[in-house]
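# Structural characterization, general
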Amino acid sequence: MDCKGCGNIKQMKNKNKIGYSLNLEHEYCFFCFQILHYNKDLRPQNYQIIIDNNFNQDSILFLVTTIENLLFDIKLIKKYKYLNLIINKSDKYLRIWNKDKILNFINWILKKENINIKNIFIISCYKNNNIDSLQDYILKNNQKIKYLIGNVNMGKSSIAHKISKISNIQIKNLISKYSNTTQKSLFIPELNLYDTPGIKHNIYNTNINNTIFNHYEWKQFVYQNKDIKTINIDNLFIINMVSENTISSIILYINKNIKLNKINFEKWKMKNDIKYYNNHKDVYNNEIWIIVENLGFIRLKSLKSYEISFFIKKEFNYKIIKGDIWNKK
Ligand SMILES: Nc1nc2c(ncn2[C@@H]2O[C@H](COP(=O)(O)OP(=O)(O)O)[C@@H](O)[C@H]2O)c(=O)[nH]1
Ligand SMILES: [Mg+2]
Ligand SMILES: [Zn+2]
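Please read all numbers here as calculations on a predicted model, not as lab measurements. (Residues numbered from 1 in each chain as written. Chains lettered and ligands numbered in written order. Predicted model: local features only at pLDDT ≥ 70, side-chain atom pairs only at ≥ 80, totals over all residues.)

As a further point, take the pairing of strand S12 (residues 296-302). Of all 7 residues that make up S12, 7 are buried, and the element is covered over most of its length. In terms of strand pairing, strand S11 (residues 288-292) meets S12 through 5 bridges, oriented antiparallel. Within S12, the residue paired with Ile291 across the bridge is Phe297. Where S11 folds back onto S12 in an antiparallel hairpin, the turn is made up of 3 residues, including Asn294, whose phi is positive at roughly 65 degrees. (Buried ≥ 20, exposed ≤ 12 C-beta atoms within 10 Å, placed from the backbone. Helix = DSSP H or I, 4+ residues; strand = E, 2+ residues; numbered from the N terminus. Pairing = 2+ DSSP bridges.)

Structure, rendered in structure tokens:
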């Protein structure tokens, strides 16, 4: 029998292997039970995840991502012909950005990349935003098999739960802040819907406390002054901006609880082991935005040209976009 939380086959033989259960009659394996009731991840380190990407021709795919991660999913999006896009966790930024801005940004990316998307759902499982329109679409297509796919931790299992709950269906799939909680595709027959383990894995270095990426609302932090400023974002991203004799600003849209410090750049470089970082250095004349996967947005503005250098932890991908991303045509 499969564990209802992760999808692994339950076994009583080996404590150090996935699926370990004290009793085969239990709904959850030992590891899912620990996550569910004690929020503890005791899973063995080296386990294999079964990625199922043999989607039937007739099935409907929903790619689940977030606004800060969309740019890094382009390859994945291009791989599948007819895709629906779910931008989840909108609760994180709806207080600082409106939906039109977000939709404009998404449409600009899709147009630039020549991608055709059937439907775009901007939703929040936490705040129930737009969940009903997603539910309508899922119920309307009840005969077809549907899959929630995408990166780990984007909220696929949370969406499966939300849709089930409002449709009065009880499911047991586990939602958690840990990566790779769903390990085998779990089927919800009433909805004809699969919750899948996701496609990209282990993006997080275990040293990085990934809870900072998930739950918290974002806030806008503004650093504005002349000359030089260096901001350290929790030792994940350290940016230095030099704009001689001009007022310039660094604006961060990021988890409101993240550790932020103004520091001395040279001292930081001397003290830290920069082999764990990628380095970027350039001069710009106009506004730029640095989008960091799983982290947020960094916006730089100045009236004259300015120089930036930043160090970013190797496990984070980033992209630089010139100009104001909300007003792209
Ligand atoms: N802020 C926020 N966090 C969410 C939302 N939906 C899911 N999460 C969190 O994202 C993390 C991963 O969720 P999960 O459903 O397990 O993602 P999966 O790996 O794609 O199945 C969990 O900590 C969830 O609580 C949402 O709408 N807003
Ligand atoms: Mg999951
Ligand atoms: Zn389990």
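This next bit is on the domain arrangement of the chain. Split into domains, the chain comes out as domain 1 (1-46), domain 2 (49-200) and domain 3 (213-327). Listed by partner, the interface residues are 14 residues for domain 2 and 15 residues for domain 3. The residue inventory of the side of domain 2 that touches domain 3, partitioned by class, reads 5 nonpolar, 3 polar and 6 charged. (Domains from an automatic or database assignment. Contact = placed C-beta atoms within 7 Å. Nonpolar A, V, L, I, M, F, W, Y, C, P; charged D, E, K, R; others polar.)

Below, the discussion takes up the packing of helix H4 (residues 131-140) against helix H5 (residues 156-166). The contact between H4 and H5 brings their axes to 10 Å, and the two run at 80 degrees. As the angle between them shows, H4 and H5 are arranged roughly perpendicular. Across the interface between the two elements, Ile131, Leu134, Gln135 and Ile138 from H4 touch Lys162, Ile163 and Ile166 from H5. (Axes fitted to C-alpha atoms, helices over the stretch in contact; angles between N-to-C directions. Parallel < 35°, antiparallel > 145°, perpendicular 65-115°, else oblique.)

Time to look at the site of ligand 1. The local shell around ligand 1 holds 22 residues, among which Cys125, Gly155, Lys156, Ser157 and Ser158 are the closest. When residues of the shell around ligand 1 are assigned to their parent elements, the largest contribution, 3 residues, is made by H5. Here the residues of the shell around ligand 1 are counted per class, giving 5 nonpolar, 12 polar and 5 charged. (Near = placed C-beta within 6 Å.)

Moving on to the nonpolar core. Core analysis: the largest hydrophobic core is formed by 56 residues, its most contacted members being Phe62, Leu63, Ile86, Leu148, Phe237, Ile239 and Ile298. Ranked by the residues each element gives to this core, the list is headed by strand S8 (residues 237-255), at 8 residues. When residues of this core are sorted by domain, at least three fall in each of domain 2 (49-200) and domain 3 (213-327). Core analysis: the next-biggest nonpolar cluster, separate from the first, contains 10 residues, Tyr20, Phe31, Cys32 and Ile175 among them. (Core = buried A, V, L, I, M, F, W, Y, C linked by C-beta atoms within 7 Å.)

Of note in this structure, Asn130 is not a glycine but carries a positive phi near 65 degrees. Mapping Asn130 onto the fold places it in the loop between strand S3 (117-122) and H4. Given 17 C-beta atoms within a 10 Å radius, Asn130 is considered partly exposed. We note that Asn153 has phi near 70 degrees; this positive angle belongs to a residue other than glycine. A count of 27 C-beta atoms within 10 Å places Asn153 in the buried class.

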